[in-house]
Amino acid sequence: MILLDRVTVIYPNKTVALSGASLHIQPKEFVTIVGASGAGKSTLIRLLIKEEDPTSGKIIVGSIDYDTIDKANIPHLRRKIGVVFQDFKLLPNLTVYENVAFALEVSGVKSSDIKRAVPKILQLVGLSEKAHHYPTEISGGEKQRTAIARALVRNPKILIADEPTGNLDPKNSWDIIELLLKINRFGTTVVLTTHNKDIVNALKKRVITISRGRVVKDEKVGKYSI
Ligand code: ADP
């Protein structure tokens with residue numbers, strides 16, 4: 001469960017990035033967040049992964065109240081939430097396998113568990129054949145699959161995909177959306193942000209529209225309308 005209650009973010013330069021935004025996302029939902037550039041989507045994502053704190057308002061994810069979480073629990077929170085970005089953020093000197101394994105190594109997972117988990121997740125995202133390729137040796141769609149595998153291997157309850165198809169052609173974009181739908185069917189909550197009108201309209205899923213820091217529309221089967 002993700003709950004934002006009247007969340008406002010005002011940056012030090014007085015820019016109001018979010019203004020009393022409220023939303024409620026249930027476990028296992030697939031939700032798309034749309035909004036023009038500057039609407040506040042990235043700010044919202046930074047709040048969810050606690051890279052930023054709101055100026056006012058309440059945020060609760062799962063059973064964690066962001067007001068009372070202590071610093072030691074932030075890594076635990078971040079493990080519950082996987083994030084993928086438009087520009088993939090892969091480590092260039094590591095192979096596909098190593099990029100995914102690295103996410104577990106930094107969490108202190110035992111190497112025997114890593115050896116079990118990584119091939120499974122690479123199979124799920126369709127990358128078993130490319131396990132030993134470096135990022136420069138794979139396509140954009142494969143890079144995004146690697147990033148998704150890296151996010152998923154820690155078994156997050158929530159996967160945030162921030163413009164995951166922004167750098168991909170239509171065919172690869174659809175493949176990534178199909179993968180996100182599959183992950184959602186397996187029980188992970190998916191929060192997608194995108195500017196791709198065709199994708200939003202074809203998904204026929206919940207769409208939350210943000211404009212100037214406010215939730216201006218929240219529809220069960222939404223359309224892209226910004
Ligand atoms: P989106 O992701 O929808 O494009 P953002 O959340 O990035 O929107 O930005 C919302 C507003 O906050 C914009 O006006 C943007 O210029 C401003 N903003 C974002 N980050 C900062 C920051 N670190 N300092 C000041 N203003 C910011």
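Residues numbered from 1 in each chain as written. Predicted model: local features only at pLDDT ≥ 70, side-chain atom pairs only at ≥ 80, totals over all residues. Heavy atoms only, no water.

A. Looking closely at the overall build of the chain. Per the secondary structure count, the chain includes seven helices and 10 strands. Here the chain has a C-alpha radius of gyration of 17 Å; the compact-globule value for 226 residues is 17 Å, and the two agree. By principal-axis analysis of the C-alpha atoms, the chain measures approximately 45 × 40 × 35 Å. Relative to its 226 residues, the chain shows a buried fraction of 48%. On the chain, roughly 11300 Å² of surface is accessible, and the fraction owed to carbon and sulfur atoms is 51%. Counting 34 positive and 23 negative side-chain charges, the chain places the averaged centre of each group 4 Å from the other. (Helix = DSSP H or I, 4+ residues; strand = E, 2+ residues; numbered from the N terminus. Rg over C-alpha atoms; globule rule 2.2 N^0.38 Å. Buried < 20%, exposed > 50% of the residue type's maximum accessible area, 1.4 Å probe, protein only. Areas by Shrake-Rupley, 256 points an atom, 1.4 Å probe, with all protein chains shown as cover. Lys, Arg positive; Asp, Glu negative; His and termini not counted. Charge placed at Lys NZ, Arg CZ, Asp CG, Glu CD.)

B. Here's a closer look at the side chain of T146. Positionally, T146 belongs in helix α5 (residues 140–152). Once you skip the residues sitting within four places of it in the chain, T146 turns out to touch L90, V96, N99, V100, L127 and I138. (Contact = heavy atoms within 4.5 Å.)

C. Looking closely at the environment of T194. In this fold, T194 is placed in the loop between β8 (189–193) and α7 (197–203). When the C-alpha atoms of T194 and F30 are compared, they prove to be 13 Å apart, with 164 residues separating the residues in sequence. The residues contacting T194, other than those within four sequence positions of it, are T32, I33, V34, E163, T165, V200 and Y224. Within the structure, T194 has its side chain in polar contact with the backbone nitrogen of N196 (distance 2.9 Å). (Polar contact = N/O pair within 3.5 Å; in protein donor to acceptor, adjacent residues only side chain to side chain.)

D. Geometry of the nonpolar core. Membership of the largest hydrophobic core comes to 36 residues, with the highest contact counts inside it found for L122, I148 and L180. Of all the elements, helix α6 (residues 170–185) adds the most residues to this core, at six residues. Sequence-distant contacts of I148, that is, excluding residues within four places in its chain, are made with V84, V125, L159, I176, L179, L180 and I183. Membership of the second largest hydrophobic core comes to 31 residues, among which are L4, L18, I25 and I208. (Core = buried A, V, L, I, M, F, W, Y, C linked by side-chain atoms within 4.5 Å.)

E. Seen up close, the side chain of E29. Mapped onto the elements, E29 comes out in the loop between β2 (16–25) and β3 (30–34). In this structure the side chain of E29 is engaged in a polar contact, spanning 2.6 Å, whose partner is the backbone nitrogen of Q26. Dropping the residues within four chain positions of it, E29 is found in contact with H24, N184, T188, T189, V190 and R206.

F. Inspection of the site of the ligand at higher detail. Among the 13 residues in the neighbourhood of the ligand, the closest are listed as G38, G40, K41, S42 and T43. Within the side chain of K41, an N or O atom sits 2.8 Å from an oxygen atom of the ligand. For the shell around the ligand, the element with the highest residue contribution is helix α1 (residues 41–48), accounting for four residues. Partitioning the shell around the ligand into residue classes produces four nonpolar, seven polar and two charged. (Near = heavy atom within 4 Å. Nonpolar A, V, L, I, M, F, W, Y, C, P; charged D, E, K, R; others polar.)

G. Up close: the pairing of β3. Counting buried positions over the five residues of β3 gives five, a clear majority of the element. Here β3 shows two buried faces, one formed by F30, T32 and V34 and the other by V31 and I33.

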